[in-house]
Amino acid sequence: MSKLTQDVKKNTALFVADSQKTETVWGLCNDQGQWLSLDSSEFEDSEVMPFWSQEEDAQCHCVDEWASFVPTKLSLEEFLEDWLTTLATDEVLVGLNWNNELDGEELEPRAVLDLYL
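So, how was this worked out
Residues numbered from 1 in each chain as written. Predicted model: local features only at pLDDT ≥ 70, side-chain atom pairs only at ≥ 80, totals over all residues. Heavy atoms only, no water. Helix = DSSP H or I, 4+ residues; strand = E, 2+ residues; numbered from the N terminus. Contact = heavy atoms within 4.5 Å. Salt bridge = Lys/Arg side-chain N within 4 Å of Asp/Glu carboxyl O. Phe/Tyr/Trp six-rings, centres within 6.5 Å; stacked < 30°, edge-to-face > 60°. Buried < 20%, exposed > 50% of the residue type's maximum accessible area, 1.4 Å probe, protein only. Pairing = 2+ DSSP bridges.

On to the side chain of D18, then. Mapped onto the elements, D18 comes out in helix α1 (residues 8-22). Other than its neighbours up to four places away in sequence, D18 contacts K3, E23, S53 and Q54.

Shown next as structure tokens:
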């Protein structure tokens with residue numbers, strides 16, 4: 001059962017706590033190796049890539065237009081050291097622990113890294 005709530009700040013804190021505990025994060029990738037990213041709902045002309053701290057929270061989004069995607073595991077180390085650097089270079093925001101209504105924070109990659117310091 002999901003621990004995600006309507007409180008996006010708590011969901012972000014849960015992302016950090018869970019990912020530190022499991023040393024894992026989850027994104028959505030399709031069978032062609034494309035990772036899910038979409039237009040930001042908060043920032044004009046920006047793209048956001050969502051990640052979750054639990055596989056089941058990522059899995060619940062693999063429906064409708066995202067049905068071709070599956071939860072794909074990344075090590076926390078790879079996420080922090082490689083992915084956030086690449087996303088910052090590409091100017092892509094990071095979505096953390098979006099709930100079932102797709103509510104969640106959209107943060108600059110550097111701000112995500114700062115959550116771990």
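Turning our eyes to something else, we now look at the pattern of salt bridges. Within the structure shown, the criterion is met by 3 salt bridges. Its salt-bridge partner being D18, residue K3 comes within 3.6 Å of it at the nearest N-O pair. Of this pair, K3 sits in the segment before α1 while D18 sits in helix α1, placing them 15 residues apart in sequence.

Okay, the packing of aromatic side chains next. Tallying each qualifying case throughout the model produces 4 aromatic pairs. Ring geometry for F51 and F79: centres 4.9 Å apart, planes at 65°, overall edge-to-face. Of the two residues, F51 sits in strand β3 (residues 47-51) while F79 sits in helix α3 (residues 76-89), which places them 28 residues apart along the sequence. For the pair formed by F51 and F79, the shared burial category is buried.

Now for the pairing of strand β5 (residues 92-96). Where a strand is regular, its side chains alternate between the two sheet faces. Among the 5 residues in β5, 5 count as buried, and that is most of the element. Side chains of β5 alternate between two faces, with V92, V94 and L96 and L93 and G95 buried alike. By the bridge criterion, 5 bridges tie β3 to β5 in an arrangement that is parallel. Bridged to E47 within β5 is V92.

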